[in-house]
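Take a look at the letters that make up each chain.
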Amino acid sequence: MIEKHIPVLLNEVIETLEIKPDGIYVDLTLGRAGHSQEILKRLDKGKLICFDKDIEAIKESNEKLAKINSNYILIKSDFRFVSEELNKIGVNKVDGFLADLGVSSPQLDDAKRGFSYSQNTELDMRMDLDNPLNAKDIINSYSEDQIARILYENADVKLAKLIAKAIVANRPINTSFELNELLKNILPAKVVREKNPSKAVFQALRIAVNDELNSLNDLLSQVAPLLNKNGKLAIITFHSKEDAIVKNYFQKLNYHDPKLNKLPVQVDKQWKQKIIFPQEEEAKENRRARSAKLRVITKLY
Ligand SMILES: C[S@@+](CC[C@H](N)C(=O)[O-])C[C@H]1O[C@@H](n2cnc3c(N)ncnc32)[C@H](O)[C@@H]1O
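Residues numbered from 1 in each chain as written. Predicted model: local features only at pLDDT ≥ 70, side-chain atom pairs only at ≥ 80, totals over all residues. Heavy atoms only, no water.

### So, the sheet that holds strand E1 (residues 24-27)
If you walk across this open sheet you meet the 7 strands as E3-E2-E1-E4-E5-E7-E6, and the pairing is mixed. Two strands in the sheet have a free side with no partner beyond their single neighbour: strand E3 (72-76) and strand E6 (271-276). Strand after strand, the sheet turns through a mean of 15° between neighbouring axes, direction not considered. The pairing of E6 with strand E7 (residues 293-299) spans 6 bridges and is classified as antiparallel. Residue Ile275 lies in a different strand from E7, and its bridge partner there is Arg295. Lying on the sheet, helix H3 (residues 55-66) is in contact with strand E2 (47-52) and E3; it crosses E3 at an angle near 170°. (Pairing = 2+ DSSP bridges. Helix = DSSP H or I, 4+ residues; strand = E, 2+ residues; numbered from the N terminus. Axes fitted to C-alpha atoms, helices over the stretch in contact; angles between N-to-C directions. Contact = heavy atoms within 4.5 Å.)

Here it is in structure tokens:
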């Protein structure tokens, strides 16, 4: 099924970013510019800088953004290089960062990108087509222990050890349907009936291929000093692993502000945080929104 990409929590993101027409905003996950278009419409002298490591996202979004105005810059890069990339274009302070994590609907729907367990495709799952590692490499060359760890640590996959063992014993496994079939054959019928096991297994592999959790940690280690006074960092997460990283980071900022030289004291006047969930209506209309959480932190000094 081809799904149109509907930006998640769009109104909430725009409202919380409190966009200033002359501000500098960074969309760290451009996708199909769902959020970026709305940000760009609100800028006159300001600038929008967009990151995506998927060249297709950059190309397609460029066409959309060019129709609005020219106050934007597109950067094809992993957001883990945010400081370095902003530095290259002479930007050292930002009024708002947005990250809408994970894969986009066009990536999931395009069979040749190999993300989906519901289409029969070669296992690939790379957001960045220049990435030398794909899902097939992991499945067919990693050790049983490495695969078990990927499944368990990235997506709490049940029976991760059993699955890893079966994967190694049944190599080569090259397509999504081969992997689905294997899972169905080796897992207890009750487990398969309760929840399609492919969902978590594919998610765990995708996170590993794109090094998603390390990228997020790298990003968070850089953004606080880049924010202006009243600058905002807004992050939409879709699963517990990435949400835990963001939540811990926000908590650490409150206790451990860079200005305070690593003293473990509460500094609640320095940062203000809030968490926003999709309205019932949005969750009904957009499947992707159901697991979304928007965490926003504002730098108050
Ligand atoms: C959920 S989509 C964003 C959708 C976008 N907000 C919209 O409404 O159109 C996530 C996008 O971020 C990109 N992405 C994910 N992780 C990234 C990373 N570490 N660095 C750069 N781009 C990343 C993906 O390639 C994908 O295009």
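After that view, the rundown keeps rolling.
### Side note on helix H7 (residues 144-155)
Look at H7: 17 Å from first C-alpha to last across 12 residues, which is about the 16 Å you get at 1.5 Å a residue. Of all the positions in H7, only Ile147, Ala148, Ile150, Leu151, Asn154 and Ala155 are classed as buried. Seen end-on, H7 carries its buried residues on one side only, within an arc spanning 165°. Opposite the buried face of H7, by more than 90 degrees, sit the exposed residues Asp145 and Tyr152. Directly beyond the C-terminal end of H7, a positive phi value near 45° is found at Asp156. (Expected span 1.5 Å × (residues − 1). Buried < 20%, exposed > 50% of the residue type's maximum accessible area, 1.4 Å probe, protein only. Arc of directions from axis to C-beta.)

### Quick word on the site of the ligand
In the vicinity of the ligand there are 24 residues, among which His35, Asp52, Phe79, Asp100 and Gln107 approach most closely. Between an oxygen atom of the ligand and a side-chain N or O atom of Asp52, the distance comes to 2.7 Å. At 2.8 Å from a nitrogen atom of the ligand is found a main-chain nitrogen or oxygen belonging to Phe79. Considering the ligand on its own, with 610 Å² of exposed area, one finds that the protein chains cover 99% of that surface. Its residues assigned to classes, the shell around the ligand comprises 7 nonpolar, 10 polar and 7 charged. (Near = heavy atom within 4 Å. Polar contact = N/O pair within 3.5 Å; in protein donor to acceptor, adjacent residues only side chain to side chain. Areas by Shrake-Rupley, 256 points an atom, 1.4 Å probe, with all protein chains shown as cover. Nonpolar A, V, L, I, M, F, W, Y, C, P; charged D, E, K, R; others polar.)

### Brief notes about helix H11 (residues 197-209)
Taking 1.5 Å per residue as the helical rise, H11 with its 13 residues ought to reach 18 Å, and the 19 Å between its terminal C-alpha atoms agrees with that figure. Within H11, 10 of the 13 residues are buried, which leaves the element mostly enclosed by the surrounding structure. Regarding H11, the residues found buried are Pro197, Ser198, Val201, Phe202, Ala204, Leu205, Arg206, Ile207, Ala208 and Val209. Elements in contact with the buried residues of H11: helix H6 (135-141), H7, helix H8 (160-169), helix H9 (176-186), helix H10 (189-194) and helix H12 (212-223). With its phi angle positive at about 50°, Asp211 sits one or two positions after the end of H11.

### A closer look at the domain arrangement of the chain
Taken domain by domain, the chain consists of domain 1 (10-106 + 212-299) and domain 2 (132-209). The straight-line distance from the C-alpha centre of domain 1 to that of domain 2 is 31 Å. Counting residues at the interface gives 7 residues for domain 1 and 7 residues for domain 2. The contact between domain 1 and domain 2 buries some 600 Å² in all, and 46% of this surface belongs to carbon and sulfur atoms. Looking at the side of domain 1 facing domain 2, the largest losses of area belong to Glu212, His239 and Lys241, adding up to 70% of the total buried there. On inspection of domain 1 and its partner domain 2, the count reaches 2 salt bridges. The salt bridge involving Lys241 is made with Asp156; its shortest N-O contact spans 3.1 Å. Across the contact surface, domain 1 and domain 2 share 4 residue pairs in polar contact (both at pLDDT 80 or more). Mapped onto the side of domain 1 that touches domain 2, the elements with two or more residues apiece are H12 and helix H13 (240-255). (Domains from an automatic or database assignment. Buried area = accessible area lost by both parts, 1.4 Å probe. Salt bridge = Lys/Arg side-chain N within 4 Å of Asp/Glu carboxyl O.)

### Digging into the UniProt feature "binding site: S-adenosyl-L-methionine" (unreviewed entry) in the chain
As recorded in UniProt, the sites labelled "binding site: S-adenosyl-L-methionine" (unreviewed entry) are Ala33, Gly34, His35, Asp52, Phe79, Asp100 and Gln107. Residue position: Gly34 is located in helix H2 (residues 34-41). When near neighbours in sequence (up to four residues on either side) are disregarded, Gly34 contacts Pro7 and Leu10. Position of Asp52 among the secondary structure elements: in strand E2. For Asp52, a relative accessible area of 11% corresponds to the buried category. Each residue touching Asp52, except ones within four places of it in the same chain, is listed here: Thr29, Leu30, Gly31, Ala57, Ile58, Ile75, Lys76 and Ser77. (UniProt positions renumbered as here; feature names shortened; annotations may be inferred.)

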